Amino acid sequence: MRLGITAFLTDRDMRPAALARFVEDHGFDSLYLPEHTHLPVRDDVPPALVEGVRLDDYQRGLCPLVALSSAIETTSRLRLGTGILLAAQHDPIVLAKQIATLDHLSGGRFTLGLGFGWNRAEAEDHGVDFSRRHALVREHFYCMEALWSQDRAEYHGELIDLPPAWAWPKPVQQPRVRTLIGGGSGPAVLGAVAEYADGWMPIGGSGLGDAIPRLHHLAELAGRDPAELSVIPFGTIADEAKLDHYAGLGVDEVVLRVRSGSGDEMRAQVEPLAALVEFAAALGAA
């Protein structure tokens, strides 16, 4: 079992390149950064604060793609990912270029964690019809996959239409970068994972004993091998017992959440978690 780290970095926190180097040096497999482009000033859509997440994180969060690009040269094996990126709020052609560039420069170490979003006002500020965001993310994905994998790329959907086009660089990973979908275990999320993603990032990681069989059933209905889909509990506050439970469910990767803060504050959180890296590796070898 591999362990990763996620944190909601802002302009007041430890710099992402330094955090990535520290995380890699302590044996972790991955670093994921989340995204919110802005926080609309509206009382009817307060941020969904959970333990370890601050209001500042929504107001001041770094762009994950730019932040992760700064970590490429300070690391050599660490997988760098978004957890999660709100794909409906991006132009798919530009996003495909940014992701392909990150994967190219990192030597194939990028993971695209996609999300549909919960903040209606944030999405609407981007011109997104919130009720159609699931369909929009799906078409954005297929458009990007065409740009990543085809020399003469084109995609024709209901919401997105891309006439034949050339676009390089292509990502190292083919025909797409590793793509995970984050969210709960509802039919929209699990259905999307089963159709076009490489895995599911259940936020928090509870209820997997019931959800994983449903995901596997949907994958079979979609004509896919369920064994090809990863399940990666995300933003988890883990201990040895929880990791052992996940291993029993067939999980081989878990992403742990740490609170953002100064370099000293974040190092003080990550360093003790390194003991779990050895424990998780032993689970995988058992």
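Residues numbered from 1 in each chain as written. Predicted model: local features only at pLDDT ≥ 70, side-chain atom pairs only at ≥ 80, totals over all residues. Heavy atoms only, no water.

Peer 1: Please provide a residue-by-residue account of helix α7 (residues 187-196), values included.
Peer 2: Among the residues making up α7, those that are buried are V189, L190, A192, V193, A194 and Y196. Among the structural elements, α6 (133-149), β8 (178-183), β9 (199-202) and α8 (208-221) are those in contact with the buried residues of α7. (Buried < 20%, exposed > 50% of the residue type's maximum accessible area, 1.4 Å probe, protein only. Helix = DSSP H or I, 4+ residues; strand = E, 2+ residues; numbered from the N terminus. Contact = heavy atoms within 4.5 Å.)

Peer 1: How would you sum up α8? Please name residues and give values.
Peer 2: Here α8 contains 14 residues, and its C-alpha end-to-end distance of 20 Å stays within 8% of the 20 Å for a straight helix at 1.5 Å per residue. Considering only its buried residues, α8 is in contact with α7, β9, β10 (230-231) and α9 (240-248). Looking one or two residues past α8, G223 carries a phi angle of roughly 80 degrees, positive in sign. (Expected span 1.5 Å × (residues − 1).)

Peer 1: Before we move on, could you go through the side chain of T236 and cite the residues and values that matter?
Peer 2: Mapped onto the secondary structure, T236 falls in strand β11 (residues 234-236). Judged by relative accessible area, T236 falls into the buried class, the value being 2%. Those residues within four positions of T236 in sequence are excluded, and the remaining contacts are G204, K242, Y246, V254, V255, L256 and R257.

Peer 1: Give a detailed account of the nonpolar core, specifying residues and quantitative values.
Peer 2: Within the largest apolar cluster, 79 residues are counted, with the highest numbers of intra-cluster contacts made by L3 and L243. Per-element tally for this core: the top contributor is α6, with eight residues. If we ignore the near neighbours within four places in the chain, the residues touching L243 are M1, L3, A238, V254, L276, F279, A280 and L283. Core analysis: the second largest hydrophobic core is formed by seven residues, Y32, L180, M201 and V255 among them. (Core = buried A, V, L, I, M, F, W, Y, C linked by side-chain atoms within 4.5 Å.)

Peer 1: Which residues make up the side chain of E139, and what values go with them?
Peer 2: If you trace the backbone, E139 turns up in helix α6. For the buried E139, no salt bridge exists, and the shortest N-O distance to an oppositely charged side chain is 4.9 Å, to R138. Leave out the neighbours within four places in its chain, and E139 touches Y155, G157, E158, L159 and I160. (Lys, Arg positive; Asp, Glu negative; His and termini not counted. Salt bridge = Lys/Arg side-chain N within 4 Å of Asp/Glu carboxyl O.)

Peer 1: Outline the packing of aromatic side chains, supporting the account with residue identities and numerical values.
Peer 2: One pass over the full model with this rule turns up six aromatic pairs. Between Y58 and W118, the aromatic rings sit 6.1 Å apart at their centres with planes inclined by 80 degrees, giving edge-to-face as the arrangement. Highlighted residues: Y58 in helix α2 (residues 55-60) and W118 in the loop between β5 (110-115) and α5 (120-125), separated in sequence by 60 residues. Judged by its relative accessible area of 7%, Y58 is buried. Geometrically, the ring pair formed by F141 and Y196 is stacked, given 4.9 Å between the ring centres and 25 degrees between the ring planes. Of this pair, F141 sits in helix α6 while Y196 sits in helix α7, placing them 55 residues apart in sequence. For F141, a relative accessible area of 0% translates into the label buried. Taken together, the aromatic side chains of F8, Y58 and W118 make up a single cluster linked through ring pairs. (Phe/Tyr/Trp six-rings, centres within 6.5 Å; stacked < 30°, edge-to-face > 60°.)

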